[in-house]
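Residue-level structural notes
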Amino acid sequence: MSSASKAVLGVSVVLTLSTVTAVHLKQAWDRKRLREGVVRDLERIERKKENLRLLEEQRNLTKQLEAERQRREAEVDGTVHTHH
């Protein structure tokens, strides 16, 4: 085998191994990114659920405060009317 043939063979082997390694690393990176994406999506869903729960809690508190305000206004109106 001539020196040129050995050199071409050597370069081919190095390029092939480099390509296989690069593809393997890229696939591993892609799998990691996909897993991270799923985790982020699950976290986002949990945050959304928590935000909706807090919003509902706020709505309930607002209703309670509004009812309390109306009750107090009714008491004040009743008190004002009874003094006249």
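Now for a description of the structure that goes with this document. Remember, it's a predicted structure, so these values are computed and weren't measured experimentally. (Residues numbered from 1 in each chain as written. Predicted model: local features only at pLDDT ≥ 70, side-chain atom pairs only at ≥ 80, totals over all residues. Heavy atoms only, no water.)

Topic: the overall build of the protein
Each helix and strand in the protein was counted, giving one helix and zero strands. Over its C-alpha atoms the protein spans a radius of gyration of 36 Å, topping by over 25% the 12 Å that the globule rule assigns to 84 residues. By its C-alpha atoms, the protein is 120 × 15 × 5 Å across when sized along the principal axes. Of the roughly 7800 Å² that the protein leaves accessible, carbon and sulfur atoms contribute 63%. Here the protein holds 17 positive side-chain charges and 13 negative ones, and the gap between their average locations is 15 Å. (Helix = DSSP H or I, 4+ residues; strand = E, 2+ residues; numbered from the N terminus. Rg over C-alpha atoms; globule rule 2.2 N^0.38 Å. Areas by Shrake-Rupley, 256 points an atom, 1.4 Å probe, with all protein chains shown as cover. Lys, Arg positive; Asp, Glu negative; His and termini not counted. Charge placed at Lys NZ, Arg CZ, Asp CG, Glu CD.)

As for the pattern of salt bridges
Applying the stated criterion to the full structure yields 13 salt bridges. Put simply, E68 and R71 hold a salt bridge, and the shortest N to O gap is 2.4 Å. Pair noted here: E68 and R71 are both in helix α1 (residues 3-83), with a separation of three residues, about one helical turn. Taking relative accessible area as the criterion, E68 reaches 27% and is therefore assigned partly exposed. E68 is paired through a salt bridge with R72; the nearest N and O atoms lie 2.9 Å apart. With a gap of four residues between them, E68 and R72 both fall in helix α1, about one helical turn apart. Overlapping salt bridges bring together E68, R71, R72 and E75 as one network. (Salt bridge = Lys/Arg side-chain N within 4 Å of Asp/Glu carboxyl O. Buried < 20%, exposed > 50% of the residue type's maximum accessible area, 1.4 Å probe, protein only.)

Describing a nonpolar patch on the surface
Together, M1, L9, V13 and L17 make up a nonpolar patch on the protein surface, roughly 430 Å² of accessible area in all. Mapped onto the elements of the fold, V13 is located in helix α1. (Patch = residues over 30% accessible without salt bridge, like charges linked within 9 Å, V, L, I, M, F, W, Y side chains within 5 Å.)

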